[in-house]
2 protein chains.
Amino acid sequence: MGVVKSKRMPRAVREQQMLDAAVEIFGQRGYMAASMDEIAELAGVSKPLVYLYLNSKEDLFTACIRREAAALTEAVRTGVRTELPVDRQLWDGLLAFFTHTSLHPHAWSVLHLQARIHGEAFVAEVNAMREEIVAFVTQLIVVAAREAHRDPDLPEREVAGLAEALVGAAESLAAWANATPGVTARQSAATLMNFAWAGLGNLMEGRPWIPEAVGAESAPVQVSG
Amino acid sequence: MGVVKSKRMPRAVREQQMLDAAVEIFGQRGYMAASMDEIAELAGVSKPLVYLYLNSKEDLFTACIRREAAALTEAVRTGVRTELPVDRQLWDGLLAFFTHTSLHPHAWSVLHLQARIHGEAFVAEVNAMREEIVAFVTQLIVVAAREAHRDPDLPEREVAGLAEALVGAAESLAAWANATPGVTARQSAATLMNFAWAGLGNLMEGRPWIPEAVGAESAPVQVSG
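Residues numbered from 1 in each chain as written. Chains lettered and ligands numbered in written order. Predicted model: local features only at pLDDT ≥ 70, side-chain atom pairs only at ≥ 80, totals over all residues. Heavy atoms only, no water.

You'll find chain A entered in an unreviewed UniProt entry as HTH-type transcriptional regulator RutR, with Streptomyces griseorubiginosus given as the organism.

1. Focus: the overall build of chain A
Tallying secondary structure elements over chain A gives nine helices and zero strands in all. Counting from the amino terminus, chain A carries its helices and strands in the arrangement α-α-α-α-α-α-α-α-α. A total of 225 residues make up chain A; the buried ones form 54% of that total. Long-range contacts, defined as pairs at least 24 residues apart, comprise 67% of the intrachain contacts of chain A with a sequence gap of at least 6. (Helix = DSSP H or I, 4+ residues; strand = E, 2+ residues; numbered from the N terminus. Buried < 20%, exposed > 50% of the residue type's maximum accessible area, 1.4 Å probe, protein only. Contact = heavy atoms within 4.5 Å.)

2. Observations concerning the UniProt feature "DNA-binding region" (unreviewed entry) in chain A
Residues given the UniProt feature "DNA-binding region" (unreviewed entry) here are residues 35–54 of chain A. As annotated, residues 35–54 of chain A comprises 80% helix and 0% strand, and the C-alpha atoms at either end are separated by 14 Å. (UniProt positions renumbered as here; feature names shortened; annotations may be inferred.)

3. Quick notes on the pattern of salt bridges
Oppositely charged side chains are able to pair whenever their charged atoms sit close together. Under the counting rule described, the total for this entry stands at 24 salt bridges over all chains. Where Arg-11 of chain A meets Glu-15 of chain A, a salt bridge forms, and the shortest distance between an N and an O atom there is 3.1 Å. Here Arg-11 of chain A pairs with Glu-15 of chain A, and both are found in helix α1 (residues 11–29), just four residues apart, close to one helical turn. According to the relative accessible area criterion, Arg-11 of chain A is partly exposed, its value standing at 42%. Note that Arg-67 of chain B is salt-bridged to Glu-68 of chain B, the shortest N-O span being 3.0 Å. The class for Glu-68 of chain B is buried, based on a relative accessible area of 8%. (Salt bridge = Lys/Arg side-chain N within 4 Å of Asp/Glu carboxyl O.)

4. Examining the layout of surface pockets
Its volume calculated, the largest pocket comes out at about 1,200 Å³. Lining the largest pocket are 42 residues; nearest its centre among them are His-112, Arg-116 and Glu-171 of chain A together with His-112 and Arg-116 of chain B. Going through the elements one at a time, α6 (105–117), α7 (120–147) and α8 (156–179) of chain A together with α6 (105–117), α7 (120–147) and α8 (156–179) of chain B are the ones with two or more residues in the lining of the largest pocket. Grouping the amino acids of the lining of the largest pocket by side-chain chemistry returns 18 nonpolar, 14 polar and 10 charged. (1 Å grid on protein atoms, 1.4 Å probe; cavity = no way out; pocket = protein on both sides within 12 Å on 5 of 7 lines; lining within 4 Å. Points joined across faces, edges and corners; volume = space filled by probe spheres on them. Nonpolar A, V, L, I, M, F, W, Y, C, P; charged D, E, K, R; others polar.)

5. A word on the UniProt feature "domain: HTH tetR-type" (unreviewed entry) in chain A
In the UniProt entry, the feature "domain: HTH tetR-type" (unreviewed entry) is given for residues 12–72 of chain A. Within the segment residues 12–72 of chain A, helix and strand shares are 82% and 0% respectively, and the terminal C-alpha atoms sit 20 Å apart.

6. Side note on the packing of α1 of chain A against α6 of chain A
Residue and element names in this part refer to chain A. Running from N to C, α1 and α6 point in directions that differ by 55°, and their axes come no closer than 8 Å. One finds that α1 runs oblique with respect to α6. For α1 against α6, the interelement crossing comes out left-handed. Contact residues: Val-23, Glu-24, Phe-26, Gly-27 and Gln-28 in α1; His-106, Ala-107, Ser-109, Val-110 and Gln-114 in α6. In terms of residue class, the contact of α1 with α6 is built from four nonpolar, five polar and one charged. (Axes fitted to C-alpha atoms, helices over the stretch in contact; angles between N-to-C directions. Parallel < 35°, antiparallel > 145°, perpendicular 65-115°, else oblique. Left-handed = near helix turned anticlockwise from the far one by under 90°.)

7. Topic: the confidence of the model for chain A
All names here are of chain A. Across chain A, the average pLDDT comes to 83, with 80% of residues at 70 or higher. Within the model, the stretch residues 213–225 combines pLDDT values under 50 with 31 contacts to residues more than four positions away or in other chains. Scored as a whole, the predicted complex attains pTM 0.83, and scored at its interfaces, ipTM 0.79. (pLDDT = per-residue confidence, 0-100.)

8. Remarks on helix α2 (residues 36–43) of chain A
Residue and element names in this part refer to chain A. Within the span of α2, buried status applies to Met-36, Ile-39, Ala-40 and Ala-43. Down the axis of α2, the buried side of the element spans an arc of 95°, and every buried residue falls inside it. Contacts made by the buried residues of α2 are with α1, α3 (47–54) and α4 (57–79). Note on α2: the residue one or two positions beyond its end, Gly-44, has a positive phi of about 75°. (Arc of directions from axis to C-beta.)

9. Topic: α8 of chain A
The terminal C-alpha atoms of α8 of chain A, which comprises 24 residues, lie 35 Å apart, in line with the 34 Å expected from a rise of 1.5 Å per residue. Counting buried positions along α8 of chain A yields 18 of 24 residues, so the element is predominantly enclosed. (Expected span 1.5 Å × (residues − 1).)

10. Notes on the environment of Leu-94 of chain A
In this fold, Leu-94 of chain A is placed in helix α5 (residues 86–103). Separated by 65 residues in sequence, Leu-94 of chain A and Val-159 of chain A have C-alpha atoms that sit 18 Å apart.

11. A closer look at the environment of Ser-102 of chain B
All names here are of chain B. Along the polypeptide, Ser-102 turns up in helix α5 (residues 86–103). On the accessibility criterion, Ser-102 (32% relative accessible area) is partly exposed. Sequence-wise, Ser-102 and Met-36 are 66 residues apart; in three dimensions their C-alpha atoms are separated by 26 Å.

12. Some points on the packing of aromatic side chains
All names here are of chain A. If you walk through the whole model with that rule in mind, you get 14 aromatic pairs over all chains. Measuring from centroid to centroid gives 4.8 Å for Phe-26 and Phe-61, while their planes differ by 70°, and the two rings are edge-to-face. A residue pair is termed long-range when its members are at least 10 positions apart, and Phe-26 in helix α1 and Phe-61 in helix α4 qualify at 35 residues. Taking the relative accessible area as the measure of exposure, Phe-61 reaches 0% and is therefore buried. (Phe/Tyr/Trp six-rings, centres within 6.5 Å; stacked < 30°, edge-to-face > 60°.)

13. Observations regarding the side chain of Arg-130 of chain B
Structurally, Arg-130 of chain B can be placed in helix α7. Beyond its immediate stretch of four places on either side in the chain, Arg-130 of chain B contacts Ser-172 of chain A together with Arg-116, Glu-164, Val-167, Gly-168 and Glu-171 of chain B.

14. What to know about the environment of Gln-139 of chain A
Residue and element names in this part refer to chain A. Position of Gln-139 relative to the elements: it lies in helix α7. Judged by its relative accessible area of 45%, Gln-139 falls in the partly exposed class. With 78 residues separating them along the chain, Gln-139 and Phe-61 place their C-alpha atoms 31 Å apart.

Written out as structure tokens, the structure is:
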């Protein structure tokens, strides 16, 4: 990392370097195949020091998840300025999300793939972050519905479903973009924005999709509040 | 299952009963906590017979994933009639998907949650199904773009991204719907259809989201083919 290491380096700094190295190795190799030797070597410290600071491979992995989940949530939050129009907020949030996941592909792999593959305790850590992001998106949609002056507002349950759909779409698209050479963060954000905004916009204004050839028995219904 | 069990029951039938029981127990308890005793008891057979037929807990779980993945893919495929308009095909496909996941919540839990939590081999099984569904959705979008007579067609890469987004949205919404009392398959399908169709429709016709307040430096771009 271009930092000169010395014995007098503060513990907090060393710990961050260990986490940097661990995210790299976990993201590249997967949790099972990652070796503590390799992590220590990349961090430029001895393996016993990693155990002294982070306790175990499990605890080290949990610390990685927590740090990277907080960083991703923070990136999305600071990317959005609530004084702007709500479509611009959604665009800025998507762009911040895909920029962060494309700049930190190993971190995204740890959060989206590795943490889910390796046990319920890790999944619970990631789900806490996911709930925060879903709550944030839900709030955006609620504000959008209010701005559209629709009365009654979009039912709470439909908003919750939309937020889940949007977050699921973003997660899936980020994983695909990171695995597909040449896809930029801006392209991913544009794909999802174009996909999502028109649909959301129509819903806000009470114009759901109406099929031409659907009989009464299979026509879609709006969720009633 | 209301079936009279006898020693002369064919192996294939017994095996399906074991898988029925295993999906129930794995879906309810999770892979780790599920006990082979409980699975055997629910299937109405002895534990040694489960091991004789399915070999190990791991192999039993893999057999569950394969069977349920095939059943879900089949439900979506047979729900769609390719002679109908493409928006109707998407609606029918979504309705088939959410109907299947809501009728078989334990199977969906095995595919979407359990298989991902418990190791890379299981994830690979689920990913094979996911790729098939993404390919199916991609084809739908390609046909829709062709029907819209847009020239040049929607770039291949953008279609791939849209299919990933739509599948991710459906997965996320199905998990939420199954965890939220009172949400019907029809409501989930309507939420996603309303969300997705207007956006897709606009894209087909070359009308992307255009922000009011975005400067050139941060305007979204279309992916060029």
